[in-house]
Amino acid sequence: MNYGLCSLALFSTLLRASAFSRSSVWRSSSVASTTSTSTSLNSVPSLIVFDLDNTLWTPELYQLRKLARNNQLPVAHKDVKLFPAAKEMIMEMKKDGKYANTKFAVASRTKSVDWAHDLLNQFELKEWLDYVEIFPGDKKKHFNNLKRSSGIDFEEMLFFDDARDGKYGNCEPVSAMGVLSVHCPNGIYEESIWVNAMSQYKEWYAHKTPGTIVEWDGSVTTVKPTDPNERFRGNVQFINREKRFGFIQYGGRGTKDMFFHFNDLPYGDDINEGDELSFTVVTARNGKDAAANIEISKSDTDAGDLVNMHVFSMNLPFVALLSNGYKTLETRNGTMFVPYKAGTKMLLHAGQRIYPDGDRHIDVMKSGGLDDDEIKALKSLPPGFGKGMAVAIVELGETFETTLEERCDPDFQRKVAAFGADAGMRATVIRRVEYLKRPVKVSGRGGVFKANIDKSVIPDGWLDDDADNDGGSSDKKTGKVYYSATF
């Protein structure tokens, strides 16, 4: 679709509809002249704020990976296009006397900061903007900056964004600050979005209830404020011991990980990645949410029947390739295994999905001389073992960084079961692996987490202290690592 032509057509339609224009929310100077100053000010926002990606323009800048790889700037109206109604509405409001005191701003969390600034210039939008907040992070910080810079209170602002809630949502957290937020998941593509938003703002201003969102269908909802006494449960996802902070994974997949500082931990308690915590949520001094009143859940292993172990999850077919001893290196771009020393034992969990690598692992395996039957066997879990279960126990070796050239070595590729370009930069050696005596249902999570497992399912010898100390089964003369799996 040619958004430029659509925009011109829309603009022409607005000009022809003179009767509507004279009475609409953005063309009402005659009305404004007959109303009191206070009523006029209350009927329109003092500051209108826009998100950028998928709100003013499309696509989202992170999707332009080819341009990033080629070190090229995106071109306005070609690589990135404005939504039809966006620029025309800003122009009309700038010209309308009713909005003479209204300021305009953008607030974007994009990581493509330079691109965003350049595109605002290309689209000739920057000259109409009074404030620009573009940096990755928390939208709340954008709005705190806008309030400080403009001197305008939150209830005098109106905010448009395509992301409502969840991990990457903006409308919900910004509305909780007292800003009326408009959810436009398809961008500002038609004038009805503006008409309804302005009408709703005038009604909302009479009560200014925090947490109010104008939904995509024109309805209005109010998000229930967080109960400061409500307790949440989650697992430690990441720890930075040097800077004394970490993040807790909790809630569903769309929930942001919760920040915590070591000062809020119970005095004298140690904490590790994977530990289960309960906590309340407070607003920290920087305006962001943070965990407080933290309690560390103690593992119920005193009876001697359970063992608390670290667990990590992989999807098929790679969970089977590792469990069956073919895959002897696990690569990640993140630092998931970096905190764990060689000799650490973890359970291997089978995720709920099939990893979509386009069967490229088959080409890698065939390059080593394996036939179709052998590959099929290595990609299969034993009967009764499947998704959503802890299926094996592994002993980790060294974790080290690699170059693309090293990852493209044929032997390295076969150890990873992936081509070099598909593999992560950090490789972790799998010293040994063995299937559990029986599979155990475990709720999977991202990263490394912890679970209590019946000791009786752990293969013999794996929990012995001596095995922990010598780092696994190996021939010290040849350095060859032996795997417990049969393949």
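Residues numbered from 1 in each chain as written. Predicted model: local features only at pLDDT ≥ 70, side-chain atom pairs only at ≥ 80, totals over all residues. Heavy atoms only, no water.

The next point concerns a positive patch on the surface. Positive charge collects at one region of the surface, where K141, R148, K256 and K288 lie side by side. On the basis of relative accessibility, which here comes to 60%, the residue R148 falls in the exposed class. (Patch = residues over 30% accessible without salt bridge, like charges linked within 9 Å, V, L, I, M, F, W, Y side chains within 5 Å. Areas by Shrake-Rupley, 256 points an atom, 1.4 Å probe, with all protein chains shown as cover. Salt bridge = Lys/Arg side-chain N within 4 Å of Asp/Glu carboxyl O. Lys, Arg positive; Asp, Glu negative; His and termini not counted. Charge placed at Lys NZ, Arg CZ, Asp CG, Glu CD. Buried < 20%, exposed > 50% of the residue type's maximum accessible area, 1.4 Å probe, protein only.)

Here we come to the nonpolar core. Grouped together as the largest cluster of nonpolar side chains are 43 residues, with contacts concentrated most on F50, W57, L158, F160 and W194. Of all elements in the fold, only β1 (47-50), α6 (86-95), β4 (103-108), α7 (113-122), β6 (157-161), β7 (180-183) and α10 (191-204) reach the threshold of two or more residues within this core. For this core, the leading source of residues is α10, giving six residues. Once you skip the residues sitting within four places of it in the chain, F160 turns out to touch I48, V49, F50, D51, T55, V182, C184, I188, I193, W194 and A197. (Core = buried A, V, L, I, M, F, W, Y, C linked by side-chain atoms within 4.5 Å. Helix = DSSP H or I, 4+ residues; strand = E, 2+ residues; numbered from the N terminus. Contact = heavy atoms within 4.5 Å.)

Let us look at the sheet that holds strand β15 (residues 306-316). Strand order in the open sheet formed by six strands is β16-β19-β18-β17-β15-β20, with mixed pairing between adjacent strands. Of all the strands in the sheet, just β16 (329-332) and β20 (448-454) have a single pairing partner and so form its edges. On average, each strand axis in the sheet is tilted by 50° relative to the strand beside it, whichever way the strands run. One ladder, built from six bridges, connects β15 with strand β17 (residues 345-354); its direction is parallel. Each residue of the ladder has a partner; that of H310, found in β17, is M346. (Pairing = 2+ DSSP bridges. Axes fitted to C-alpha atoms, helices over the stretch in contact; angles between N-to-C directions.)

Counted residue by residue, α6 has seven buried out of 10 residues, so it is predominantly covered. Among the residues making up α6, those that are buried are A86, K87, E88, M89, I90, E92 and M93.

What follows is about the confidence of the model for the protein. Of all residues in the protein, 83% have pLDDT values of 70 or greater, and the mean over the chain is 82. pLDDT under 50 marks residues 1-41. Its contacts with residues more than four places away, or in other chains, come to 46 contacts. Considering only residues more than four positions removed or in separate chains, one finds that residues 466-487, a stretch of pLDDT under 50, has 39 contacts. (pLDDT = per-residue confidence, 0-100.)

The relation between two aromatic rings is expressed through the spacing of the ring centres and the mutual angle of the planes. Summed over all chains, the structure comprises 18 aromatic pairs. Taking 5.8 Å as the distance between ring centres and 20° as the angle between the ring planes, the aromatic pair formed by F50 and F160 counts as stacked. Highlighted residues: F50 in strand β1 and F160 in strand β6, separated in sequence by 110 residues. On the basis of relative accessibility, which here comes to 0%, the residue F50 falls in the buried class. On the numbers, 5.7 Å between centres and 75° between planes, the contact of F247 with F259 is edge-to-face. Of the two residues, F247 is situated in strand β11 (residues 245-250) and F259 in strand β12 (residues 258-261); the sequence distance between them amounts to 12 residues. Here the aromatic residues F238, F245, F247 and F259 are joined through ring pairs into a cluster of three or more. Over the aromatic face of Y205 sits the side chain of K208, whose NZ or CZ is 4.7 Å from the ring centroid. (Phe/Tyr/Trp six-rings, centres within 6.5 Å; stacked < 30°, edge-to-face > 60°. Lys NZ or Arg CZ within 6 Å of the ring centre and 35° of its normal.)

Glancing now at the environment of V364. Mapped onto the secondary structure, V364 falls in helix α12 (residues 360-366). Ignoring any residue separated from it by four or fewer positions in sequence, one finds V364 in contact with Y326, Q413, R414, A417, A418 and F419.

The next subject is the pattern of salt bridges. Tallied over the entire structure, the rule returns 18 salt bridges. Its salt-bridge partner being E276, residue R233 comes within 2.9 Å of it at the nearest N-O pair. A residue pair is termed long-range when its members are at least 10 positions apart, and R233 in strand β10 (residues 232-240) and E276 in strand β13 (residues 276-283) qualify at 43 residues. By relative accessible area, E276 is classed as partly exposed at 33%. Across the pair D422 and R360 runs a salt bridge whose closest N-O atoms are separated by 2.8 Å. With D422 in the loop between α15 (410-416) and β19 (426-441) and R360 in helix α12, the pair connects residues that are 62 residues apart, well separated along the chain.

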